[in-house]
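# Fold and contact review
In case you want the letters, here they are:
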Amino acid sequence: DKLRAKISIGAVLGGFILSLLIFLTSGEGGESNVTWISIGNFQATLGVKIDSMSALMLLVVTGVGSLIHWYSQGYMKGDRSYSRYFASLSLFTFSMLGIVLASNFMQMFIFWELVGVSSYLLIGFWYDRPAAADASKKAFLTNRIGDFVFILGIIMVWAAAGSLNF
């Protein structure tokens, strides 16, 4: 279990170092996209957008994520699901990084959903406790409302702009 936590912590710390390099060298930034779905005049891409704001947010997510991962090894010490906790925490960090690097609203929505799933997993981590199970259900339902509004916004952006790219 400790090895899995160390791998998770090492990955986030490695991400922080890479984020620092990106932040220091990003300059004007850049964007790279590939076509994912093309139906009629609708085109969805997968890509990465790095500008000064995303470079800064990479530092925030990996910096805070590193501290949370580091602190968690002591806080979760002795828990029977130590590895599951670090897997959920790593999924949360990955999902946040996906939001930060997204180059369009559709991609951002996919990573938003992954943040929701990982939040559900972390909030309900001690699912055998009724309060945690109830809280995770409430978070899940609340996120569904936000997801619906987010999808409506995405549809409105596409209808108005003809594109989902930032």
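Small disclaimer: the values here were computed from a predicted structure and weren't measured.

### Side note on the pattern of salt bridges
All told, the structure shown has four salt bridges when counted by the stated rule. Lys49 is the partner of Glu31 in a salt bridge, and the nearest nitrogen-oxygen pair spans 3.5 Å. Of this pair, Glu31 sits in strand β1 (residues 30-39) while Lys49 sits in strand β2 (residues 42-50), placing them 18 residues apart in sequence. With its nearest N and O atoms 3.1 Å apart, the salt bridge here joins Arg144 to Glu113.

### A word on the packing of aromatic side chains
Tallied over the entire structure, the rule returns eleven aromatic pairs. Between Phe105 and Phe166, the ring centres sit 4.8 Å apart and the planes meet at 90°, which makes this aromatic pair edge-to-face. Note that Phe105 is positioned in helix α4 (residues 105-123) and Phe166 in the segment after α5 (130-161), a separation of 61 residues in sequence. Every member of this aromatic cluster is reached through a ring pair, and the members are Tyr82, Tyr85, Phe86, Phe125 and Trp126. Here the guanidinium or amino end of Arg129 rests over the ring plane of Trp126, the centre of that ring lying 4.6 Å away. Arg144 extends its terminal NZ or CZ atom over the ring of Phe140, reaching a point 4.4 Å from the ring centre.

### Some thoughts on the side chain of Ser19
Within the secondary structure, Ser19 sits in helix α1 (residues 2-25). Overall, Ser19 belongs to the buried group, its relative accessible area being 4%. At 2.7 Å, the side chain of Ser19 and the backbone oxygen of Gly15 are in polar contact. When sequence neighbours within four positions are dropped, the list of residues in contact with Ser19 reads Leu58, Leu59 and Thr62.

### Some remarks on the packing of α1 against helix α2 (residues 52-75)
In the contact formed by α1 and α2, the axes pass within 8 Å of each other and the chain directions differ by 155°. Relative to α2, α1 is oriented roughly antiparallel. In the packing of α1 onto α2, the handedness of the crossing is left-handed. Contacts between α1 and α2 pair Lys6, Ser8, Ile9, Val12, Leu13, Gly15, Phe16, Ser19, Leu20, Ile22 and Phe23 from the former with Ala55, Leu56, Leu58, Leu59, Thr62, Gly63, Gly65, Ser66, His69, Trp70 and Gln73 from the latter.

### Regarding the pairing of β2
Sheet topology places β1 next to β2; nine bridges connect them, and they run antiparallel. For Ser38, the partnering residue across the bridge sits in β2 and is Gln43. In sequence, β1 turns back onto β2 through a hairpin of two residues, with Gly40 there showing a positive phi of about 60°.

### Details of α1
Under the 1.5 Å per step criterion, the end-to-end length of α1 is 34 Å for 24 residues, consistent within 8% with the ideal 34 Å. Where α1 is buried, its residues contact α2 and α3 (82-101).

### Regarding the nonpolar core
Core analysis: the largest hydrophobic core is formed by eight residues, namely Ala5, Ile9, Met76, Tyr82, Tyr85, Phe86, Leu89 and Phe125. At the level of elements, α1 and α3 are the ones that each hand at least two residues to this core. Broken down by element, the residue count for this core peaks at four residues, all from α3. For Tyr85, the residues in contact, after removing those within four places along its chain, are Ser72, Met76, Leu122 and Phe125.

The rules we used
- Residues numbered from 1 in each chain as written.
- Predicted model: local features only at pLDDT ≥ 70, side-chain atom pairs only at ≥ 80, totals over all residues.
- Heavy atoms only, no water.
- Salt bridge = Lys/Arg side-chain N within 4 Å of Asp/Glu carboxyl O.
- Helix = DSSP H or I, 4+ residues; strand = E, 2+ residues; numbered from the N terminus.
- Phe/Tyr/Trp six-rings, centres within 6.5 Å; stacked < 30°, edge-to-face > 60°.
- Lys NZ or Arg CZ within 6 Å of the ring centre and 35° of its normal.
- Buried < 20%, exposed > 50% of the residue type's maximum accessible area, 1.4 Å probe, protein only.
- Polar contact = N/O pair within 3.5 Å; in protein donor to acceptor, adjacent residues only side chain to side chain.
- Contact = heavy atoms within 4.5 Å.
- Axes fitted to C-alpha atoms, helices over the stretch in contact; angles between N-to-C directions.
- Parallel < 35°, antiparallel > 145°, perpendicular 65-115°, else oblique.
- Left-handed = near helix turned anticlockwise from the far one by under 90°.
- Pairing = 2+ DSSP bridges.
- Expected span 1.5 Å × (residues − 1).
- Core = buried A, V, L, I, M, F, W, Y, C linked by side-chain atoms within 4.5 Å.

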